[in-house]
There are 4 protein chains.
Amino acid sequence: MNVSIIGAGGLTGKELISLLVHHPDFEIVHTTSNKSAGSNLSDTGVRYRKDLVFHKHEDPIPKDSLVVLAVPNEVSLELTPKLLEKGHKLIDLSGAYRLHDKEIFGKFYGLTHSSFDLMKQVVFGIPEIFRDRIKNANFVSNPGCYATSVITPLFTLSELRQNISGNVIVNSASGVSGAGGRTEDIGFTFTNTYENFRAYKVLSHQHQPEMEEYAFTGASTNRSKIIFIPHLLPAYRGILSTFVIHFDRPLEKQDFDGIRQKFRNEPFIRFYDNPEEIELKKVQNTNFVDISFRFSSDVLVMISALDNLVKGAAGQALQNMNLMCGFDERKGLIPV
Amino acid sequence: MNVSIIGAGGLTGKELISLLVHHPDFEIVHTTSNKSAGSNLSDTGVRYRKDLVFHKHEDPIPKDSLVVLAVPNEVSLELTPKLLEKGHKLIDLSGAYRLHDKEIFGKFYGLTHSSFDLMKQVVFGIPEIFRDRIKNANFVSNPGCYATSVITPLFTLSELRQNISGNVIVNSASGVSGAGGRTEDIGFTFTNTYENFRAYKVLSHQHQPEMEEYAFTGASTNRSKIIFIPHLLPAYRGILSTFVIHFDRPLEKQDFDGIRQKFRNEPFIRFYDNPEEIELKKVQNTNFVDISFRFSSDVLVMISALDNLVKGAAGQALQNMNLMCGFDERKGLIPV
Amino acid sequence: MNVSIIGAGGLTGKELISLLVHHPDFEIVHTTSNKSAGSNLSDTGVRYRKDLVFHKHEDPIPKDSLVVLAVPNEVSLELTPKLLEKGHKLIDLSGAYRLHDKEIFGKFYGLTHSSFDLMKQVVFGIPEIFRDRIKNANFVSNPGCYATSVITPLFTLSELRQNISGNVIVNSASGVSGAGGRTEDIGFTFTNTYENFRAYKVLSHQHQPEMEEYAFTGASTNRSKIIFIPHLLPAYRGILSTFVIHFDRPLEKQDFDGIRQKFRNEPFIRFYDNPEEIELKKVQNTNFVDISFRFSSDVLVMISALDNLVKGAAGQALQNMNLMCGFDERKGLIPV
Amino acid sequence: MNVSIIGAGGLTGKELISLLVHHPDFEIVHTTSNKSAGSNLSDTGVRYRKDLVFHKHEDPIPKDSLVVLAVPNEVSLELTPKLLEKGHKLIDLSGAYRLHDKEIFGKFYGLTHSSFDLMKQVVFGIPEIFRDRIKNANFVSNPGCYATSVITPLFTLSELRQNISGNVIVNSASGVSGAGGRTEDIGFTFTNTYENFRAYKVLSHQHQPEMEEYAFTGASTNRSKIIFIPHLLPAYRGILSTFVIHFDRPLEKQDFDGIRQKFRNEPFIRFYDNPEEIELKKVQNTNFVDISFRFSSDVLVMISALDNLVKGAAGQALQNMNLMCGFDERKGLIPV
């Protein structure tokens with residue numbers, strides 16, 4: 001299957017190319033980068049099976065190629081309708097097509113949505129939740145990195161979600177690559193990041209409405225509010241999310257035995273006995289979401305970890321691409 | 001005033017010596033370190049106004065000197081009764097005399113308390129709460145580093161504490177010096193700490209009962225449970241604590257204006273307008289607790305930061321020592 | 001080709017397994033780890049195409065498998081003669097069979113060499129120097145990480161080596177994974193490594209005689225002494241080596257044009273125009289040696305960088321294995 | 001003695017203010033910062049005994065105050081002649097008045113020197129070399145950070161300098177605060193610095209001519225060339241310099257016993273038995289230069305370490321200020 005990557009020069013685009021090196025069934029045929037247009041992929045230090053030239057975003061895209069959009073939200077808003085019209089299968093890594101509430105989209109993204117009717121056809125790209133729909137989708141919106149680290153673990157709570165009482169509290173900490181660290185923002189200088197730790201976008205991060213929209217999929221009644229507080233780590237890769245959740249009844253060991261059983265065949269979810277075992281090191285450069293639980297009466301502490309550039313972006317995109325094209329979803333992600 | 005430091009070779013002891021260099025009214029006359037007994041302070045790289053020899057813990061301690069205990073809990077349990085009997089003013093940096101519930105002490109510290117009657121006379125060393133009692137105390141128990149980062153900010157909530165609804169959720173992250181990183185534990189190798197992040201002692205940290213015991217001092221009715229989750233940062237110094245607290249009514253700007261007003265003269269509390277301004281960099285090597293608030297309806301996010309070795313240990317001890325001896329409590333901590 | 005990895009639980013063994021995941025022509029059939037015997041590879045967090053059990057070193061090794069030794073020097077001294085006798089192709093990553101001077105070996109390794117006659121048949125595994133001999137070798141000794149970062153760049157100087165005047169000065173800096181940081185040595189705690197930098201084994205590192213033995217291969221007359229000073233970086237991966245070399249005549253641009261031309265087809269050597277472009281980031285997780293030159297009259301500054309776990313260990317081993325088995329030497333290392 | 005600090009908002013200016021907090025005989029009366037003019041010192045997070053307002057550089061400077069210039073080279077060139085004319089004692093932390101060769105100055109600094117005649121009266125501020133001249137100086141040029149880490153150790157070689165054969169090779173590594181890391185240069189983002197290491201300004205650093213000019217002060221004949229290669233560490237503070245020097249005769253233990261003896265009373269030079277003991281941790285936040293030697297026949301490896309912001313800038317400036325004003329040179333730097 002031919003693949004075109006629009007916005008291939010950013011962190012996520014490069015990560016995806018690195019993953020596709022070992023994928024026998026996808027062939028990258030076209031890459032764009034407005035910033036590096038005209039130069040070669042190999043000049044950026046990224047190696048693929050063949051060298052590729054960066055085109056401009058508006059250059060013609062090979063017909064029948066699956067298109068991956070790794071561009072800013074406003075660029076996605078502009079390109080997506082055109083690409084779908086031309087009949088491309090499309091996976092969008094931006095946040096442009098994740099929220100079904102136009103007002104909330106406007107509030108969190110500061111943009112007017114110019115093609116909101118596409119929200120009827122887009123499928124949200126978390127395979128553990130929407131696997132069957134993704135298989136048949138032409139247009140998938142790949143989730144945010146923090147969003148994945150919150151939605152997938154909450155989804156594994158299954159029926160327990162109906163017993164959640166009150167708000168779900170999530171404190172997350174991310175390395176700079178997940179917090180926008182590619183920019184030359186003064187907030188990401190060595191001096192301001194190293195030997196430091198701080199929260200940012202407290203109660204205002206754009207991934208929070210995405211979490212609330214999808215984390216309770218399939219849960220019949222309860223829709224908790226999610227209190228989300230991201231923090232910036234003096235590290236490069238990985239997100240660890242610590243949840244505190246109250247329930248309307250005491251929890252029991254069996255509640256979690258059932259969960260482990262139910263998701264035992266998910267190829268990219270790993271459960272650990274103790275939350276102290278969840279750490280960035282175990283998930284860096286992998287497509288896994290690691291999860292563990294500890295409860296005390298009616299309070300649950302759940303901790304999850306993932307690599308923001310893999311399961312939080314390019315890896316999950318590849319998992320979705322595999323599904324959209326009828327391949328084994330693990331291909332290119334773990335040895336199969 | 002003469003000072004004897006028992007356990008002067010550890011991180012906290014050394015930090016205290018460094019602070020006392022610039023204190024005109026305290027004179028260190030005696031230092032002990034069982035590990036380094038016989039060697040000189042200057043051999044450890046720490047410099048004081050004069051060189052000092054490390055004695056053994058059991059060597060005679062100069063009469064009339066104020067004694068600082070910077071030793072493990074079990075050593076404090078053994079030495080404290082003897083030192084008080086000899087009439088020394090005493091400040092204990094261990095956890096041995098912080099909890100008034102013997103059973104909880106046993107559970108969290110794994111020790112049998114051999115002199116529990118001393119709990120009647122000990123004063124808990126948070127000046128912002130117990131200033132007057134500390135001034136008249138002979139025996140002060142200096143709080144834990146995480147505990148200070150939680151108790152002091154919660155105390156500033158004042159009357160608002162009566163309106164807290166449900167549990168107080170605290171996620172803290174500490175550099176290795178606050179998490180026991182001086183030991184040669186494999187958990188603190190460079191390989192396992194750098195480019196990593198993880199929780200530890202989830203729902204079981206020994207500072208949690210200390211927080212519950214003191215954070216609601218003076219609050220007439222409510223005593224919330226505190227859900228406390230510490231994390232280990234790939235950094236050396238500082239603790240940042242992120243609180244999520246629900247209230248039984250919507251919060252208002254005036255609630256916090258009152259708090260800022262009430263504590264405006266506290267020399268070591270600094271309030272910031274935005275929680276995003278709270279960071280480790282601002283408090284490292286200072287005795288400040290930095291605090292900020294953000295609320296949305298009935299939910300409050302409060303963030304605090306302090307240096308675990310200063311306000312979380314040696315600095316707060318010096319603040320207490322100043323009070324116990326009738327000196328300006330800021331002496332040796334900020335230019336006065 | 002079947003592969004057995006003896007000592008598969010260490011840093012180098014794990015790195016090799018990760019590389020072999022994507023190699024179509026090697027199949028790992030046997031792994032040992034005395035420390036983890038009985039447990040599974042997947043328990044260590046490393047994934048291969050199938051799960052593998054760790055056997056004991058002395059367990060029977062599948063016939064006809066190529067054996068990789070990733071064990072300490074003394075274990076290699078014991079196992080190598082037996083494995084060769086059984087007819088295995090063998091590649092040894094330890095330092096046991098690198099030096100042809102028994103006395104120097106004893107001095108730098110502190111060991112008595114029990115099978116020194118094998119030095120007649122062993123081939124030193126730097127493909128850029130000994131490619132043809134490696135192709136026909138049954139027994140290859142894989143070079144040390146620092147050694148590779150010094151020998152290969154010096155070898156590229158070709159005829160210029162005859163004009164070297166005096167000693168070659170090399171200052172190297174390595175991340176902890178190249179300096180023995182896997183051990184639980186107090187020298188590798190976070191506290192002693194982070195925000196620190198220091199030299200170690202000054203003028204006494206065991207890779208120095210290896211450099212002197214091989215760096216001048218093919219140079220007719222001159223054999224300079226190498227002054228080698230390794231340093232420990234607060235980082236995890238990579239070695240950067242900075243050479244200062246004096247010549248018996250002024251250098252000219254053409255000298256280096258020739259070098260670049262001569263080695264332009266080496267798949268894992270990359271030349272850069274400016275030494276400021278050489279950095280750890282560019283080589284981490286790759287099998288490249290990056291090299292650049294700057295000269296001023298008769299003084300040359302050459303800088304090289306490589307990943308100590310890849311080109312400095314497992315990657316170069318795989319390159320050698322490819323050669324020994326008649327495969328494209330780039331297989332499993334760069335997309336081909 | 002009253003002190004005015006011109007350019008008090010930069011890293012060096014702030015460091016000097018922090019040091020002056022504990023100096024009983026200097027009183028800061030005036031601070032300027034063109035960038036922060038109008039704001040208060042306390043807003044920058046730096047605390048002094050009283051709060052100070054940042055003026056503009058051109059605002060009137062209190063008469064009779066000792067002036068510290070912590071401004072860029074071109075600003076110093078403009079302000080220095082005026083300030084000297086007004087009769088201020090002056091210490092300049094820029095590079096504007098260090099080199100006595102106008103052509104070399106132009107080449108390395110890219111500036112035309114507009115007041116080169118002042119070079120006749122300026123004293124170079126390394127107390128270990130020019131103590132007596134500094135005592136009587138009105139105008140001191142404070143050395144560069146790398147320069148101090150090279151000149152002072154070389155100076156301690158004393159008569160041995162006459163036996164140096166050939167070039168002196170110096171590889172230095174600095175944390176970002178010594179390499180210009182305060183700027184928002186993309187070279188100093190977290191992403192480009194963390195887990196990285198690289199050389200910069202190879203053979204072209206502006207401190208190199210300064211080293212050659214002063215390192216051989218008092219050595220009757222030999223003036224070696226210095227080959228200087230600075231590197232950027234993933235750390236914040238400190239410079240470690242590794243020297244390789246050849247001699248015209250075999251070295252002996254007595255050579256270095258004499259050196260240790262000769263400088264044993266220097267308050268800020270510390271000699272260690274082994275070069276492996278020299279590390280950034282020991283000198284951070286101190287005014288010490290740590291030095292050690294190892295030789296093998298006629299080759300010497302010398303390693304030095306200092307804190308670039310203290311002995312490499314503000315600390316050495318304070319040492320010079322003490323001397324210029326007749327105070328104990330250790331005041332404010334170590335407990336006296």
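So, how was this worked out
Residues numbered from 1 in each chain as written. Chains lettered and ligands numbered in written order. Predicted model: local features only at pLDDT ≥ 70, side-chain atom pairs only at ≥ 80, totals over all residues. Heavy atoms only, no water. Contact = heavy atoms within 4.5 Å. Buried area = accessible area lost by both parts, 1.4 Å probe. Polar contact = N/O pair within 3.5 Å; in protein donor to acceptor, adjacent residues only side chain to side chain. Helix = DSSP H or I, 4+ residues; strand = E, 2+ residues; numbered from the N terminus. Buried < 20%, exposed > 50% of the residue type's maximum accessible area, 1.4 Å probe, protein only. Pairing = 2+ DSSP bridges. Right-handed = clockwise from strand over helix to strand, strands pointing away. Expected span 1.5 Å × (residues − 1). Bend = angle between axes of the 7 residues up to and from the residue. Axes fitted to C-alpha atoms, helices over the stretch in contact; angles between N-to-C directions. Phe/Tyr/Trp six-rings, centres within 6.5 Å; stacked < 30°, edge-to-face > 60°. Lys NZ or Arg CZ within 6 Å of the ring centre and 35° of its normal. Salt bridge = Lys/Arg side-chain N within 4 Å of Asp/Glu carboxyl O. Nonpolar A, V, L, I, M, F, W, Y, C, P; charged D, E, K, R; others polar. Core = buried A, V, L, I, M, F, W, Y, C linked by side-chain atoms within 4.5 Å. Least-squares fit on C-alpha atoms with pLDDT ≥ 70 in both. Domains from an automatic or database assignment. Parallel < 35°, antiparallel > 145°, perpendicular 65-115°, else oblique. Left-handed = near helix turned anticlockwise from the far one by under 90°.

**Comments concerning the interface of chain C and chain D**
Turning to step 1, where the next piece is worked out: Listed per partner, the contact involves 40 residues of chain C and 40 residues of chain D.
Turning to step 2, where the next piece is worked out: Buried area between chain C and chain D, summed over both chains or domains, comes out near 3300 Å², and the portion from carbon and sulfur atoms is 62%.
Turning to step 3, where the next piece is worked out: Counting across the chain C and chain D interface gives 24 residue pairs in polar contact (both at pLDDT 80 or more).
Turning to step 4, where the next piece is worked out: At the level of secondary structure, the elements contributing two or more residues to the side of chain C that touches chain D comprise β8 (168-174), α6 (190-193), β9 (198-199), β10 (226-232), β11 (239-246), α9 (280-283), β13 (289-296) and β14 (299-306) of chain C.

**Topic: the pairing of strand β1 (residues 2-6) of chain B**
All names here are of chain B.
Turning to step 1, where the next piece is worked out: Within β1, four of the five residues are buried, which leaves it mostly tucked inside the rest of the structure.
Turning to step 2, where the next piece is worked out: Of the strand pairs in this sheet, β1 and strand β2 (residues 27-32) are connected by five bridges, and their pairing is parallel. Following the sheet pairing, Val-3 is matched in β2 by Ile-28.
Turning to step 3, where the next piece is worked out: At this point the chain moves from β1, through helix α1 (residues 11-20), to the parallel β2, and the crossover so formed is right-handed.

**As for helix α10 (residues 310-324) of chain D**
Residue and element names in this part refer to chain D.
Turning to step 1, where the next piece is worked out: The terminal C-alpha atoms of α10 lie 18 Å apart, and with 15 residues this falls more than 12% below the ideal 21 Å at 1.5 Å per residue.
Turning to step 2, where the next piece is worked out: Gln-316 marks the point of greatest bend in α10, at about 45 degrees.
Turning to step 3, where the next piece is worked out: Of the residues one or two after α10, Gly-326 is the one with positive phi, at around 80 degrees.

**Examining the sheet that holds strand β5 (residues 90-92) of chain C**
Residues and elements named next belong to chain C.
Turning to step 1, where the next piece is worked out: The strand order across the open sheet formed by seven strands is β3-β2-β1-β4-β5-β7-β6, and the pairing between neighbours is parallel. In the strand order of this sheet, the two ends are held by β3 (54-55) and β6 (123-124), each with one partner.
Turning to step 2, where the next piece is worked out: Two elements, β5 and strand β7 (residues 139-141), share three bridges in a ladder whose sense is parallel. Note on β7: the bridge partner recorded for Asp-92 is Ser-141.
Turning to step 3, where the next piece is worked out: Against the sheet, helix α10 (residues 310-324) touches β1 (2-6), β4 (66-69), β5 and β7, its axis set at about 160 degrees to β5.

**Section: the packing of aromatic side chains**
Turning to step 1, where the next piece is worked out: Throughout the structure, instances matching the rule amount to 58 aromatic pairs over all chains.
Turning to step 2, where the next piece is worked out: A ring pair is formed by Tyr-97 of chain D and Phe-139 of chain D, whose centres lie 5.2 Å apart and whose planes are at 75 degrees; its orientation type is edge-to-face. On the criterion of sequence distance, the pair formed by Tyr-97 of chain D in the loop between β5 (90-92) and α3 (102-109) and Phe-139 of chain D in strand β7 (residues 139-141) is long-range, its members being 42 residues apart. Take Tyr-97 of chain D and Phe-139 of chain D: they sit in the same class, and that class is buried.
Turning to step 3, where the next piece is worked out: Site record: aromatic cluster; members linked through ring pairs are Phe-190 and Tyr-194 of chain A, Phe-190 and Tyr-194 of chain B, Phe-190 and Tyr-194 of chain C together with Phe-190 and Tyr-194 of chain D.
Turning to step 4, where the next piece is worked out: Here the guanidinium or amino end of Lys-281 of chain B rests over the ring plane of Tyr-236 of chain D, the centre of that ring lying 5.7 Å away.
Turning to step 5, where the next piece is worked out: One residue, Arg-270 of chain D, lies across the ring of Phe-288 of chain D, its end atom 3.8 Å from the ring centre.

**Observations regarding the side chain of Glu-329 of chain C**
All names here are of chain C.
Turning to step 1, where the next piece is worked out: Tracing the backbone through its elements, the reader meets Glu-329 in the segment after α10.
Turning to step 2, where the next piece is worked out: Here Arg-131 takes part through its side chain, which lies 2.9 Å from a polar atom of the side chain of Glu-329.
Turning to step 3, where the next piece is worked out: When neighbours within four sequence positions are excluded, Glu-329 is seen to be in contact with Pro-127, Arg-131, Pro-267, Phe-268, Gln-319, Asn-322 and Leu-323.

**Quick look at the interface of chain A and chain C**
Turning to step 1, where the next piece is worked out: Listed per partner, the contact involves ten residues of chain A and ten residues of chain C.
Turning to step 2, where the next piece is worked out: In total, chain A and chain C occlude about 1100 Å² of area from one another, counting both sides; carbon and sulfur atoms represent 60% of this.
Turning to step 3, where the next piece is worked out: If you sort the residues of chain A by the area they bury against chain C, Arg-47, Tyr-194 and Pro-335 of chain A come out on top, with a joint share of 49%.
Turning to step 4, where the next piece is worked out: Counting the contacts that link chain A with chain C gives zero salt bridges.
Turning to step 5, where the next piece is worked out: Connecting chain A to chain C are three residue pairs in polar contact (both at pLDDT 80 or more).
Turning to step 6, where the next piece is worked out: Here the side of chain A that touches chain C is built from residues that sort into six nonpolar, one polar and three charged.

**Observations concerning the nonpolar core**
Turning to step 1, where the next piece is worked out: Within the largest apolar cluster, 404 residues are counted, with the highest numbers of intra-cluster contacts made by Leu-157 of chain A, Leu-157 of chain B, Leu-157 of chain C together with Leu-157 of chain D.
Turning to step 2, where the next piece is worked out: If sequence neighbours within four positions are ignored, Leu-157 of chain D has contacts with Ile-245, Phe-247, Phe-256, Ile-259, Phe-293, Leu-300 and Met-302 of chain D.

**A short note on the relation of the copies chain C and chain D**
Turning to step 1, where the next piece is worked out: Least-squares fitting of chain C to chain D yields an RMSD of 0.0 Å, with the transformation described by 0.0 Å of translation along the axis and a rotation of 180 degrees. In the structure described here, the two chain copies are related by an operation that fits a two-fold rotation axis.
Turning to step 2, where the next piece is worked out: Here 100% of the interface residues in chain C have copies in chain D that are interface residues too; the copies meet face to matching face.

**Concerning the domain arrangement of chain A**
All names here are of chain A.
Turning to step 1, where the next piece is worked out: Domain annotation for chain A reports domain 1 (2-121) and domain 2 (146-308).
Turning to step 2, where the next piece is worked out: In total, about 950 Å² of surface goes out of reach between domain 1 and domain 2, with carbon and sulfur atoms giving 54% of it.
Turning to step 3, where the next piece is worked out: Contact with domain 2 buries area across many residues of domain 1, yet Leu-11, Arg-98 and Phe-108 alone supply 57% of it, more than any other trio.
Turning to step 4, where the next piece is worked out: Our count for the contact surface shared by domain 1 and domain 2 stands at two salt bridges.
Turning to step 5, where the next piece is worked out: The residue Arg-237 makes a salt bridge to Glu-15 at a minimum N-O spacing of 2.7 Å.
Turning to step 6, where the next piece is worked out: Contributions of two or more residues to the side of domain 1 that touches domain 2 are made by α1 (11-20) and α3 (102-109).
Turning to step 7, where the next piece is worked out: The element best represented in the side of domain 1 that touches domain 2 is α3, accounting for three residues.
Turning to step 8, where the next piece is worked out: Residues belonging to the side of domain 1 that touches domain 2 are distributed by class as follows: five nonpolar, one polar and two charged.

**Regarding the side chain of Ser-292 of chain D**
All names here are of chain D.
Turning to step 1, where the next piece is worked out: Considering the arrangement of structural elements, one finds Ser-292 in strand β13 (residues 289-296).
Turning to step 2, where the next piece is worked out: By relative accessible area, which is 0% here, Ser-292 ends up buried.
Turning to step 3, where the next piece is worked out: A distance of 3.5 Å separates a polar atom in the side chain of Ser-292 from the backbone oxygen of Asp-273.

**Remarks on the relation of the copies chain A and chain C**
Turning to step 1, where the next piece is worked out: Overlay of chain A on chain C (RMSD 0.0 Å): rotation 180 degrees, translation along the axis 0.0 Å.
Turning to step 2, where the next piece is worked out: Of all interface residues in chain A, 100% are interface residues in chain C too; the two copies therefore contact each other through one and the same surface.

**Considering the environment of Ile-303 of chain C**
Turning to step 1, where the next piece is worked out: Of note, Ile-303 of chain C is situated in strand β14.
Turning to step 2, where the next piece is worked out: With relative accessibility at 0%, the residue Ile-303 of chain C sits in the buried group.
Turning to step 3, where the next piece is worked out: Between the C-alpha atom of Ile-303 of chain C and that of Ser-220 of chain C, which follows or precedes it by 83 residues, the distance is 24 Å.
Turning to step 4, where the next piece is worked out: When sequence neighbours within four positions are dropped, the list of residues in contact with Ile-303 of chain C reads Leu-240, Ser-241, Thr-242, Pro-275, Ile-278, Asp-290, Ile-291 and Ser-292 of chain C together with Ala-199 and Val-202 of chain D.

**Some thoughts on the packing of helix α5 (residues 145-156) of chain C against helix α7 (residues 207-214) of chain C**
Working note: a packed helix pair is described by the angle between its axes plus the distance between those axes.
Residue and element names in this part refer to chain C.
Turning to step 1, where the next piece is worked out: For the pair α5 and α7, the least separation of the axes is 9 Å and the interaxial angle reads 30 degrees. Put simply, α5 runs roughly parallel to α7. Viewed along their axes, α5 and α7 form a crossing whose handedness is right-handed. Of α7, the residues touching α5 (which contributes Cys-145, Tyr-146, Ala-147, Val-150 and Ile-151) are His-207, Glu-210, Met-211 and Tyr-214.

**Considering the sheet that holds strand β12 (residues 269-272) of chain C**
Residue and element names in this part refer to chain C.
Turning to step 1, where the next piece is worked out: In space, the seven strands of this open sheet follow the order β9-β10-β8-β11-β14-β13-β12, with mixed pairing throughout. This sheet does not close on itself; its edge strands, each paired only once, are β9 and β12.
Turning to step 2, where the next piece is worked out: Bridge count for β8 against β10 is seven bridges, and the pairing is parallel. When the bridges of β10 are listed, Ile-169 appears paired with Ile-227.
Turning to step 3, where the next piece is worked out: Helix-sheet contacts for helix α8 (residues 253-262) involve β12, β13 and β14, and the interaxial angle to β13 is about 165 degrees.

**Notes on helix α5 (residues 145-156) of chain B**
Residue and element names in this part refer to chain B.
Turning to step 1, where the next piece is worked out: Over its twelve residues, α5 extends 17 Å from the first C-alpha to the last, a length consistent with the 16 Å expected when each residue adds 1.5 Å.
Turning to step 2, where the next piece is worked out: The buried count for α5 comes to twelve of twelve residues, which makes it a mostly enclosed element.
Turning to step 3, where the next piece is worked out: Those residues of α5 that sit buried are Cys-145, Tyr-146, Ala-147, Thr-148, Ser-149, Val-150, Ile-151, Thr-152, Pro-153, Leu-154, Phe-155 and Thr-156.
Turning to step 4, where the next piece is worked out: Directly beyond the C-terminal end of α5, a positive phi value near 50 degrees is found at Ser-158.

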